Amino acid sequence: MDPLSQAQNAPLNGEINSLLDVWHVYRTPIIFCALLVLLAARVYLHSTEAREDLVALPKVYEDKKPATDVKERDNGDLDEIKATKANGPRRIKGGLARKPSRDKKVEKDERPVRMVVFFSSVTTKTEKLAQAYVERLVESAAKLSEETNRQFLKPELRDLTEIEFEDYFVSTPQADEVASFYLLLIPSYNIDTINDTFLQHLEETHHDFRIDTGSLSTLLGYSVFGFGDKEGWPNESEGFCFQAKEVDKWMAKLTGRKRAYPVGMGDMKSDHVERFKEWADGVQEVIAHVAKTGTLGEGLPGSGEAEESDVEDAEADDGEVIFEDETATAKPKTGKGGARDLEDVEDLGRMIQSSQGTKGSKAPIAVDFTTYGSDKKTPSTNPIKEMVAKNSPTYAALTKQGYSIVGSHSGVKICRWTKSALRGRGSCYKYSLYGINSHQCMETTPSLSCSNKCVFCWRHGTNPVGTTWRWVVDPPEMIFEGVKENHYKKIKMMRGMPGVRAERFSEAMRIRHCALSLVGEPIFYPYINEFLAMLHAERISSFLVCNAQHPDQLAALKAVTQLYVSIDASNRDSLRKIDRPLHRDFWERFQRCLDILREKRFRHRTVYRLTLVKGFNVDDEVEGYAQLIERGLPCFVEVKGVTYCGTSTSSNAGLNMSNVPYYWEVCDFVRALEKRLQDKGLKYGIAAEHAHSCCILLASERFKVDGKWHTHIDYQKFFELLEERGPDGDWTPEDYMGPPTPEWALWGNGGFDPRDDRVDRKGRKIEPQVIREQPPDVEF
């Protein structure tokens, strides 16, 4: 290179050497700074991309194209989405829902506070406790108004059997005007009660995709107190107050976990008073705090604040089906590249959650359109339970009362009139009115469950109640053989009793009549027609009593010797008060049953059974009863005064001896009813009576031949018609009408079996006295 070129390149070479020197001296910090810049740029780009993807989620949902987008994301992307999603809502509603700011000022709630106490009760014990508690809340409300400077409305008491669940437990009533606080008093039963219906409603509301999962989140709060029995369920793990805890669980889901106070639990036979007072005091403090601050407290477990973890739903969520325990050998459903297919964006939440589990987890994706609980492992299965399990308190209570339980839902018991007839001390009113030998009658039922809780029921409140059949169904053959076997066992036990007549004991070992009226609702049994056919095949007559709450079963009923419908009230309000039905549409069911009876009056001997309870269904109700008779036109109308058993159950229901009418009062009622029917042009007359049972029979003049009443039944003729023409054959009640009613059974003659002797408690013979007119020294 010439000297001129060297001179020209000298500055350039100097600069290069200078840069190299700088690089060699500072290369480590330069490389480190470059890496920091690149890393910051990468973090920024990825966080922006994740937010854009989440905002686009609703569009992915609408277009049904989630799978491609998810497959293109790596695990880092999914982790980013999970981190953002955890703070959002549990349902996709059309955009990115952000966590509310802690610094956002909560507007003061000026709405008046309403405390609503809900309760359920079979024996009315909980009802009385709830009434006393509401009275206490009335006093507390006034004090709270002064302490918190906030208006408190008068507390309300609501019976779960009388309200529409949709009015209170789908959304909060008047949420814009009133701030409600729910208090639930729930006794636990192992029989089917309104509690089961209520729990089913809460569960269905939670899983209904049309209803927001936090539909009751507008509540100020709620709390539950459970009443239990530690003799039947010693501790919580064995079922103590289990239904109260279930109510608490579902209310937590529907309210966004606004549990104001932990579930209270008390043993009805020991410490429920003390535990209830503790719970009530704690609840009152919380209500005062809510009224002052408008919140249950930030971060308080059970408060429902957004900062809480999802423990409530992680414990259990019956809507999810994730078989994590079965994934060791199962192969996941995969798409290209081994990624799992995503059928719907609803699966995204499930996939994101499973990504945090152990590596290699192959759990299939479950779809739940309402919630994203993470720990559910197996599907919720509600096994069909027995109506009266042998290890249940109900079984123990019924057997203690003398019932023999057959299978899981049937029972048989010796009637006191059977014992009386065996000893020659009088027979049931059915012998006087229809010619049934009491000592040859078996009282049984294929269903111990009933859909009413009548105030005059003598079953001590121990039999199950329910509106739908949700139990194991025993075959009719087993029930038929079982009730006969147990009935005969009980008859044999009477063999050594003093006074039993040998001839009647021998006759009693041949069952000839069956009263399906022991307890519960016989027509409730799904195979009632098959059971009736077995009775008739052995020439056992059937007297079936139903409570006018199951019209479909009544319409499907085939041949029966005599069909009863209990008519315990003449109007809707009175029926609700005395029968306490579980069906919400009880009056509509009642009326439909009467219409069905009208259709059957030329196929069956139909009977209205009126049970008179003073103070409930007697005063000023003659006209109402006459209208019901006009609607159904039964063959017979039995009017009977209520029998008071002196049980605690009756007392709790408000029933005592003052509610039992005198026989002359029943006579006055029947005379007034007969007159009203005749005024309406209905041909009914007073035919027979059994004064000892306080029972009088009104009969249609269809059964009055040549001026004589024929209320008895020709049982032989009934079976002949049944065998010749079948259960659907064409015959009428008049075709098996028996001989004229005996003179001693007719109205005015008392109706006491002339074969027998009436005795007092010491066995001494007494003459029956019948008083049909109001004594002059007694005011009606």
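Residues numbered from 1 in each chain as written. Predicted model: local features only at pLDDT ≥ 70, side-chain atom pairs only at ≥ 80, totals over all residues. Heavy atoms only, no water.

Visitor: Got a minute to help me understand the packing of aromatic side chains in this structure?
Guide: For any pair of aromatic rings, geometry is given as the distance between the ring centres together with the angle between the planes. Under the counting rule described, the total for this entry stands at 32 aromatic pairs. Taking 6.2 Å as the distance between ring centres and 80° as the angle between the ring planes, the aromatic pair formed by Phe 480 and Phe 531 counts as edge-to-face. One end of the pair, Phe 480, is in helix α15 (residues 476-492); the other, Phe 531, is in helix α17 (residues 528-537), with 51 residues separating them in the sequence. There is no split in this pair, since Phe 480 and Phe 531 are both buried. Through successive ring pairs, a cluster of aromatic residues spans Phe 118, Phe 165, Tyr 168, Phe 169, Tyr 182 and Phe 198. Lys 413 extends its terminal NZ or CZ atom over the ring of Tyr 403, reaching a point 4.6 Å from the ring centre. Here the guanidinium or amino end of Arg 772 rests over the ring plane of Trp 747, the centre of that ring lying 5.8 Å away. (Phe/Tyr/Trp six-rings, centres within 6.5 Å; stacked < 30°, edge-to-face > 60°. Helix = DSSP H or I, 4+ residues; strand = E, 2+ residues; numbered from the N terminus. Buried < 20%, exposed > 50% of the residue type's maximum accessible area, 1.4 Å probe, protein only. Lys NZ or Arg CZ within 6 Å of the ring centre and 35° of its normal.)

Visitor: What is the right way to look at the packing of α15 against α17 in this model?
Guide: When two helices pack together, you describe them by how their axes are tilted relative to each other and by the distance separating the axes. Taken N-terminus to C-terminus, the directions of α15 and α17 make an angle of 45°; their axes are 9 Å apart at the nearest point. In terms of orientation, α15 and α17 fall into the oblique class. Like other packed secondary-structure pairs, α15 and α17 cross with a definite hand, here right-handed. On α17, the residues that touch Pro 476, Glu 477, Ile 479, Phe 480 and Val 483 of α15 are Glu 530, Phe 531, Met 534 and Leu 535. (Axes fitted to C-alpha atoms, helices over the stretch in contact; angles between N-to-C directions. Parallel < 35°, antiparallel > 145°, perpendicular 65-115°, else oblique. Left-handed = near helix turned anticlockwise from the far one by under 90°. Contact = heavy atoms within 4.5 Å.)

Visitor: Looking at this structure, how should I read the packing of helix α21 (residues 622-632) against helix α23 (residues 663-679)?
Guide: Following both chains from N to C, one finds α21 and α23 inclined at 55°, their axes separated by 9 Å at the closest point. Comparing their axes, α23 and α21 come out oblique. Seen along the crossing, α21 lies across α23 with a hand that is right-handed. Where α21 approaches α23, its residues Val 622, Glu 623, Tyr 625, Ala 626 and Ile 629 are matched on the opposing element by Phe 669, Ala 672, Leu 673, Arg 676 and Leu 677. Classifying every residue of the contact of α21 with α23 by side-chain character gives 8 nonpolar, no polar and 2 charged. (Nonpolar A, V, L, I, M, F, W, Y, C, P; charged D, E, K, R; others polar.)

Visitor: I'm lost on the pattern of salt bridges in this one. Help?
Guide: As a working rule, side chains carrying opposite charge can pair if their charged atoms are close by. Tallied over the full model, the rule gives 33 salt bridges. Asp 281 serves as the salt-bridge partner of Arg 136, at 2.3 Å between the closest nitrogen and oxygen. Here Arg 136, found in helix α5 (residues 125-148), pairs with Asp 281, found in helix α9 (residues 272-293); they are 145 residues apart in sequence, far enough to count as distant. Under the relative-accessibility criterion, Arg 136 is labelled partly exposed at 27%. (Salt bridge = Lys/Arg side-chain N within 4 Å of Asp/Glu carboxyl O.)

Visitor: Would you mind going over the nonpolar core with me for this structure?
Guide: One recurring pattern in soluble globular proteins: nonpolar side chains tend to sit buried together. Counting residues in each nonpolar core, the largest one holds 80 residues, and the members touching the most others are Leu 535, Leu 544, Ile 567, Tyr 608, Leu 610, Phe 669 and Leu 673. Dropping the residues within four chain positions of it, Leu 535 is found in contact with Met 442, Phe 480, Cys 514, Leu 516, Ile 540 and Ser 542. (Core = buried A, V, L, I, M, F, W, Y, C linked by side-chain atoms within 4.5 Å.)

Visitor: Looking at this structure, how should I read the pairing of strand β5 (residues 264-267)?
Guide: Where a strand is regular, its side chains alternate between the two sheet faces. Here β5 shows a buried face lined by Gly 264 and Gly 266 and a second buried face lined by Met 265 and Asp 267. As paired strands, strand β4 (residues 221-228) and β5 are joined by 4 bridges and run parallel to one another. Bridge pairing in β5 links Phe 227 to Gly 266. (Pairing = 2+ DSSP bridges.)

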